[in-house]
Amino acid sequence: MQNTTPPWYQRAAAGVSTLSLGVVFLLFIFGIGMRYLFDRPVGWIDEAVTVLSVWSMLWTAAFVLRWSEHISFDIVFVNVAPPRQRLMLLVAHVAFVALMLSALPGMVDYTLFLWRERTDMLQMRMDFVYAIFPIFFIVIVLRQMRTIWRLASAGWRTEIADWTGEPTENTA
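Residues numbered from 1 in each chain as written. Predicted model: local features only at pLDDT ≥ 70, side-chain atom pairs only at ≥ 80, totals over all residues. Heavy atoms only, no water.

Asker: Just give me the short version of the overall build of the chain, but keep the residues and values in it.
Answerer: Tallying secondary structure elements over the chain gives six helices and zero strands in all. When the elements of the chain are put in sequence order from the N terminus, they spell out α-α-α-α-α-α. Compactness check: the chain gives a C-alpha radius of gyration of 20 Å against a globular reference of 16 Å for 172 residues, more than 25% above the reference. Seen through its C-alpha atoms, the chain measures out along the principal axes to roughly 65 × 35 × 35 Å. Buried positions account for 33% of the 172 residues belonging to the chain. For the chain, long-range pairs separated by at least 24 residues make up 67% of all intrachain contacts whose partners lie at least 6 apart in sequence. When the accessible surface of the chain is split by element, carbon and sulfur atoms take 69% of a total near 11400 Å². Across the chain, the mean location of the 13 positive side-chain charges is 6 Å away from that of the 13 negative side-chain charges. (Helix = DSSP H or I, 4+ residues; strand = E, 2+ residues; numbered from the N terminus. Rg over C-alpha atoms; globule rule 2.2 N^0.38 Å. Buried < 20%, exposed > 50% of the residue type's maximum accessible area, 1.4 Å probe, protein only. Contact = heavy atoms within 4.5 Å. Areas by Shrake-Rupley, 256 points an atom, 1.4 Å probe, with all protein chains shown as cover. Lys, Arg positive; Asp, Glu negative; His and termini not counted. Charge placed at Lys NZ, Arg CZ, Asp CG, Glu CD.)

Quick look at the structure:
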């Protein structure tokens, strides 16, 4: 299967990721400079860097990285034949989607509950701070459901190639 994500979407998601990581870096350097060069620590920098780092990491994992770019323990997976890889992926994805969907209502409920709390320095509402988690869960579930669909279709070998990071085959 070819990647059906529009190129403009890929560029926009990667641009948001790059921008947010750049802001994290600049804030981090600014905080170090203020603390060690001018002996004037700025308290909100640590909080901003932490929140932006979490948002950047989950945004990138959900919207930018391909499956083959995620860290994985695949010592068994890469050493079995493609039909067994297909079976392994199908079982794992179906189980993971079921677990994620069962956890999603509680996580959304708790995230919405956090509107009462605020961060210490920036006084940001905690539901905004943690809003990326339900977004991350939903996007990952949708991506995994698309993978299940592709693995169940006639072009499943191309999906396996996407997972292993190998060149795409045109065989079905």
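Asker: Tell me about the packing of helix H3 (residues 82–113) against helix H5 (residues 132–152), and please be specific about residues and values.
Answerer: Helix packing geometry: the angle between the two helix axes and the distance between the axes. Across the interface, H3 lies against H5 with an axial gap of 9 Å and an inter-helix angle of 155°. When the interaxial angle is binned, H3 and H5 end up roughly antiparallel. Regarding H3 and H5, the two cross each other, and that crossing is left-handed. For the contact of H3 with H5, the class distribution of residues is 21 nonpolar, four polar and one charged. (Axes fitted to C-alpha atoms, helices over the stretch in contact; angles between N-to-C directions. Parallel < 35°, antiparallel > 145°, perpendicular 65-115°, else oblique. Left-handed = near helix turned anticlockwise from the far one by under 90°. Nonpolar A, V, L, I, M, F, W, Y, C, P; charged D, E, K, R; others polar.)

Asker: I'd like a description of the nonpolar core, backed by residues and values.
Answerer: In terms of nonpolar packing, the biggest core is built from 16 residues, with Ala 62, Phe 63, Met 100, Phe 136 and Phe 137 touching the most fellow members. Of all the secondary-structure elements, those providing two or more residues to this core are helix H2 (43–64), H3 and H5. In terms of residue count, the dominant contributor to this core is H5 (seven residues). The residues contacting Phe 137, other than those within four sequence positions of it, are Met 100, Ala 103, Leu 104 and Met 107. (Core = buried A, V, L, I, M, F, W, Y, C linked by side-chain atoms within 4.5 Å.)

Asker: Mind laying out a nonpolar patch on the surface, listing which residues take part and the relevant values?
Answerer: Together, Phe 25, Leu 26, Phe 28, Ile 29, Ile 32 and Tyr 36 give the surface a local cluster of nonpolar side chains, amounting to about 670 Å² of exposed area. Looking at the secondary structure, you find Leu 26 in helix H1 (residues 7–37). (Patch = residues over 30% accessible without salt bridge, like charges linked within 9 Å, V, L, I, M, F, W, Y side chains within 5 Å. Salt bridge = Lys/Arg side-chain N within 4 Å of Asp/Glu carboxyl O.)

Asker: I'd like to hear about the packing of aromatic side chains, residue by residue, with values.
Answerer: Taken as a whole and judged by the stated rule, the model has four aromatic pairs. Between Trp 59 and Phe 63 the ring centres are 4.3 Å apart and the planes differ by 40°, which places this aromatic pair in the tilted class. With a gap of four residues between them, Trp 59 and Phe 63 both fall in helix H2, about one helical turn apart. Note on Trp 59: relative accessible area 23%, which makes it partly exposed. (Phe/Tyr/Trp six-rings, centres within 6.5 Å; stacked < 30°, edge-to-face > 60°.)

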